[in-house]
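A look at the structure
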Amino acid sequence: MNDNRSGENNLKRGLNFIEAIVEEDLKEGKNGNRVHTRFPPEPNGYLHIGHAKAICLDFGIAERYGGKCNLRFDDTNPIKEETEYIESIREDIHWLGYDWEKREYYASDYFGQLYNFAVDLIRKGLAYVDDQSSDLIAEQKGTPTVPGIESPYRSRPAEENLSLFEKMNSGAFPEGSRVLRAKIDMASPNMHMRDPIIYRIIKHPHHRTGNRWHVYPMYDFAHGQCDYFEGITHSLCTLEFEVHRPLYNWFIDQLQTDDYRPRQIEFNRLNLNYTVLSKRKLLELVKEGKVNGWDDPRMPTLCGLRRRGYTPESIRNFVASIGYTKVEAINDVSLLEFAIREDLNKRAPRVMAVLNPLKVILTNYPEGKTEELETINNPEDESMGVRTIPFSKEIYIERDDFMEDPPKKYFRLAPGREVRLKSAYIIKCVDYKTDEQGNILEVYCTYDETTRSGGPDADRKVKGTLHWVSVLHALEAEIRLYDRLYSDPDPSGHRGKDPKTFLNPDSLKIITGYVEPGLKNSKPLDHFQFQRVGYFNLDPDSTPGRLIFNRTVPLRDTWSRGQASGT
RNA sequence: UGCCCCGUGGUGUAAUUGGCAACACGUCUGACUCUGGAUCAGAAAAGUUCAGGUUCGAGCCCUGACGGGGCAACCA
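Every value quoted in this text rests on a predicted model; they were computed, and no experiment measured them.

1. Observations regarding the overall build of chain A
Helix and strand content of chain A: 14 helices and 25 strands. Compactness check: chain A gives a C-alpha radius of gyration of 31 Å against a globular reference of 24 Å for 567 residues, more than 25% above the reference. Dimensions along the principal axes, computed over C-alpha positions, put chain A at roughly 100 × 55 × 45 Å. Nonlocal contacts in chain A, meaning residues at least 24 apart in sequence, comprise 71% of its contacts between residues at least 6 apart. As displayed, chain A has an accessible area near 26200 Å², and 49% of this comes from carbon and sulfur atoms.

So this is what it looks like as structure tokens:
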């Protein structure tokens, strides 16, 4: 793994700041030289490329330093969490190439320990039951610039707290009627320290513990302690949890029995331009039918990217290339596209496919004749071998590859011009037919038999080489062309404007194209390079009689780029 | 206007204990090519937010400004 160029570059550059910290800790012999991380998703949605960044770090650090990485589902809120998501999360992590072995845990595994810990805090006078409404509690919390005020229930005797908390859990009180709060400091400059709520009453059944509990720990009360229970040495999370760290430490202070405590390190979240990475907003797209499900190839979800044709290696390389820092960065999607092109260039077989067909008739080619021409599968990898493709009198070429009146640097077919048909013959345009509107209907060419690939005049130089497909043999296929989902570089960055305002109406275009017959036997998710066009893969919607391809990413195209900029 | 974090080419990242600002993407040339792909060669592009200070020497240390982000869910 990582034996490609960007992988090497990555090794060449220094450690990221987290690796540096880990190495420092190792050097100091902390935690008995253990390195133990965890990836802690909430099972309330599908994983997206932002999670991939965290996964690669969590598992990557463990791998690199001979440690372990747990998978832990942070399932502290039964209202939002579902088993459906757990399955998809497991699948996506495995697909990326990581394995947690038997170490699959759940925050709910620790509900008992957490409950006992809460009871402990109550006994020590460090937690109390508050009977006030959430509005009132919020009001008393103050603001970042104004200190909060203490709850009238703050000094409730431990015995009373104990019995109330017990009743909260036995279901004696309605949801929202009471909470358990840590007693810390209502005047703290850190809002999270102002007597945070640590338990609330929820009567919705939990996907794993059913109706056993009626109180559930808040994330802030569960997360750090779960890390502690699991012996995590390095708790890696995103920047927004920085201000939570003092609170987590406060809890661990009460729990700690020796030197060990998890060390939390925060890194920058992944942002991509033209992309939205918020589970809530992605869920909206799915629910409102703006896309066709979580695995719609336009989605930044891992299942969406997979269906689009992205490989796990490409995603890992991409993640490695953008690095980990404490700066809020916005990455350009071109980096992601580079990663998938780089990977697919090495592994995708080249095939012939014409997306926008124009019929070419070879006037001097024998009627009814068919040839099987040999062609190489991948010039980047000889071990991928050769195959044959059928050739006959009528072929399709790309409409763009013919012009009646071409500009100067146009290398392709035009009246009187010669081009090579890839792996076949050099042909010359002798005539063409248009309709009344001037649309090109057919092009007539002669072929030169001696120029067949491998033949005596095969080396004759011509400017252009075209891909083609035999009309007689080609398979019709549905081609799904994807463009960015949003037309604005920062769809979530406009205050008061729903990102959906910026949805690109042309993000999906479905066309019918023609592909070489050998593609009949391809399997879902098989990757191909449609020569001169782009990378495509077979969509799982395909049926034996109907091939459906997704465009993963177009090929780099310096010609059309030059055209667009007018040079 | 409280607390916390952060400012290095267009973008993302590097720069041993202070020592000529490096790499990748992108952009632009040119070469080569039976993919206008790939590959190869090259170029433009920051003097490190600003102002002071320490030092023989500061992107790295100190101070202060300015700018960006985060924090006030019975969400995670």
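Anyway, onward from the coordinates.
2. Quick word on the protein's contact with RNA strand B
Close contacts around RNA strand B come from 69 residues, with Arg350, Phe411, Ser453, Gln529 and Arg532 the closest. Backbone atoms, meaning sugar and phosphate, form 65% of the atoms of RNA strand B found within 4 Å of the protein. A distance of 3.1 Å separates a base nitrogen of RNA strand B from a polar side-chain atom of arginine 420. At the level of secondary structure, the elements contributing two or more residues to the surface near RNA strand B comprise α1 (5-12), β6 (197-201), α13 (333-347) and α14 (558-564).

3. Quick look at the packing of aromatic side chains
Applying the stated criterion across every chain yields a total of 31 aromatic pairs. Between tyrosine 115 and tyrosine 199 the ring centres are 6.5 Å apart and the planes differ by 80 degrees, which places this aromatic pair in the edge-to-face class. Here tyrosine 115, found in helix α5 (residues 111-123), pairs with tyrosine 199, found in strand β6; they are 84 residues apart in sequence, far enough to count as distant. Using a relative accessible area of 1% as the deciding quantity, one classes tyrosine 199 as buried. Ring plane angle 25 degrees and centroid distance 5.3 Å describe the contact between tyrosine 228 and tyrosine 260, whose orientation is recorded as stacked. Residue tyrosine 228 is located in helix α8 (residues 219-230), and its partner tyrosine 260 is located in the loop between α9 (245-255) and β9 (263-267); the two are separated by 32 residues in the primary sequence.

4. Considerations on the pattern of salt bridges
Counted under the stated rule, the structure contains 48 salt bridges. Salt-bridge contacts for aspartate 253 lead to arginine 261; the nearest nitrogen and oxygen are separated by 2.4 Å. When its relative accessible area of 44% is taken as the criterion, aspartate 253 is described as partly exposed. Overall, arginine 261 belongs to the partly exposed group, its relative accessible area being 25%.

5. Structural notes on the packing of helix α12 (residues 312-322) against α13
Direction vectors running N to C along α12 and α13 enclose 140 degrees, while the axes themselves pass 8 Å from each other. With respect to α13, the axis of α12 lies oblique. When you trace α12 past α13, the crossing you get is right-handed. Contact residues: Glu313, Ser314, Asn317, Phe318, Ser321 and Ile322 in α12; Leu335, Leu336, Ala339, Ile340, Glu342, Asp343 and Arg347 in α13. Here the contact of α12 with α13 is built from residues that sort into six nonpolar, three polar and four charged.

6. Things to note about helix α2 (residues 17-27)
Three or more residues of α2 are buried, namely Ile18, Glu19, Ile21, Val22 and Asp25. For α2, the buried positions fall inside an angular range of 160 degrees around the axis, keeping them on one side. Next to the buried residues of α2 lie α3 (49-64), β8 (234-238) and β9. With a side-chain oxygen lying 2.9 Å from the backbone nitrogen of isoleucine 18, the N-terminal cap of α2 falls on asparagine 16.

7. A few points about the confidence of the model for chain A
Mean pLDDT over chain A stands at 95; residues scoring 70 or higher make up 97%. Considering only residues more than four positions removed or in separate chains, one finds that residues 1-12, a stretch of pLDDT under 50, has 12 contacts. Reported confidence for the predicted complex is 0.96 by ipTM and 0.95 by pTM.

8. Brief notes about α3
At 3.6 residues per turn, the α-helix brings residues three or four places apart onto the same side. A rise of 1.5 Å per residue sets the reference length of α3, with its 16 residues, at 22 Å; its end C-alpha atoms lie 21 Å apart and thus fit the reference within 8%. Burial analysis of α3 places 14 of its 16 residues in the buried class, the great majority of the element. Directly after α3, the chain includes glycine 66, whose backbone phi takes a positive value near 65 degrees.

9. Describing the environment of threonine 233
Its place among the elements puts threonine 233 in the loop between α8 and β8. Each C-alpha atom, one on threonine 233 and one on alanine 107, is 17 Å from the other, the two residues being 126 residues apart in sequence. For threonine 233, the residues in contact, after removing those within four places along its chain, are Asn31, Arg34, Val35, His36, Pro262 and Arg263. Within the structure, the side chain of threonine 233 is placed 2.8 Å from the backbone nitrogen of histidine 36, a separation counted as a polar contact.

10. With respect to the sheet that holds strand β7 (residues 215-217)
The strand order across the open sheet formed by four strands is β4-β5-β6-β7, and the pairing between neighbours is antiparallel. Only two strands of the sheet have a single neighbouring strand rather than two, namely β4 (127-130) and β7. Pairwise comparison of adjacent strand axes, ignoring direction, gives a mean angle of 25 degrees for this sheet.

11. Details of the pairing of strand β12 (residues 357-362)
As defined by bridge partners, β12 adjoins strand β15 (residues 394-398) across five bridges and the pair is classed as antiparallel. From the neighbouring strand, lysine 359 faces β15, where its bridge partner is tyrosine 396. Relative to strand β18 (residues 440-448), β12 runs parallel, the two being bridged by four bridges. Each bridged residue has a counterpart across the sheet, and for lysine 359 the counterpart in β18 is glutamate 442.

Parameters at a glance
Residues numbered from 1 in each chain as written. Chains lettered and ligands numbered in written order. Predicted model: local features only at pLDDT ≥ 70, side-chain atom pairs only at ≥ 80, totals over all residues. Heavy atoms only, no water. Helix = DSSP H or I, 4+ residues; strand = E, 2+ residues; numbered from the N terminus. Rg over C-alpha atoms; globule rule 2.2 N^0.38 Å. Contact = heavy atoms within 4.5 Å. Areas by Shrake-Rupley, 256 points an atom, 1.4 Å probe, with all protein chains shown as cover. Near = heavy atom within 4 Å. Polar contact = N/O pair within 3.5 Å; in protein donor to acceptor, adjacent residues only side chain to side chain. Phe/Tyr/Trp six-rings, centres within 6.5 Å; stacked < 30°, edge-to-face > 60°. Buried < 20%, exposed > 50% of the residue type's maximum accessible area, 1.4 Å probe, protein only. Salt bridge = Lys/Arg side-chain N within 4 Å of Asp/Glu carboxyl O. Axes fitted to C-alpha atoms, helices over the stretch in contact; angles between N-to-C directions. Parallel < 35°, antiparallel > 145°, perpendicular 65-115°, else oblique. Left-handed = near helix turned anticlockwise from the far one by under 90°. Nonpolar A, V, L, I, M, F, W, Y, C, P; charged D, E, K, R; others polar. Arc of directions from axis to C-beta. pLDDT = per-residue confidence, 0-100. Expected span 1.5 Å × (residues − 1). Pairing = 2+ DSSP bridges.

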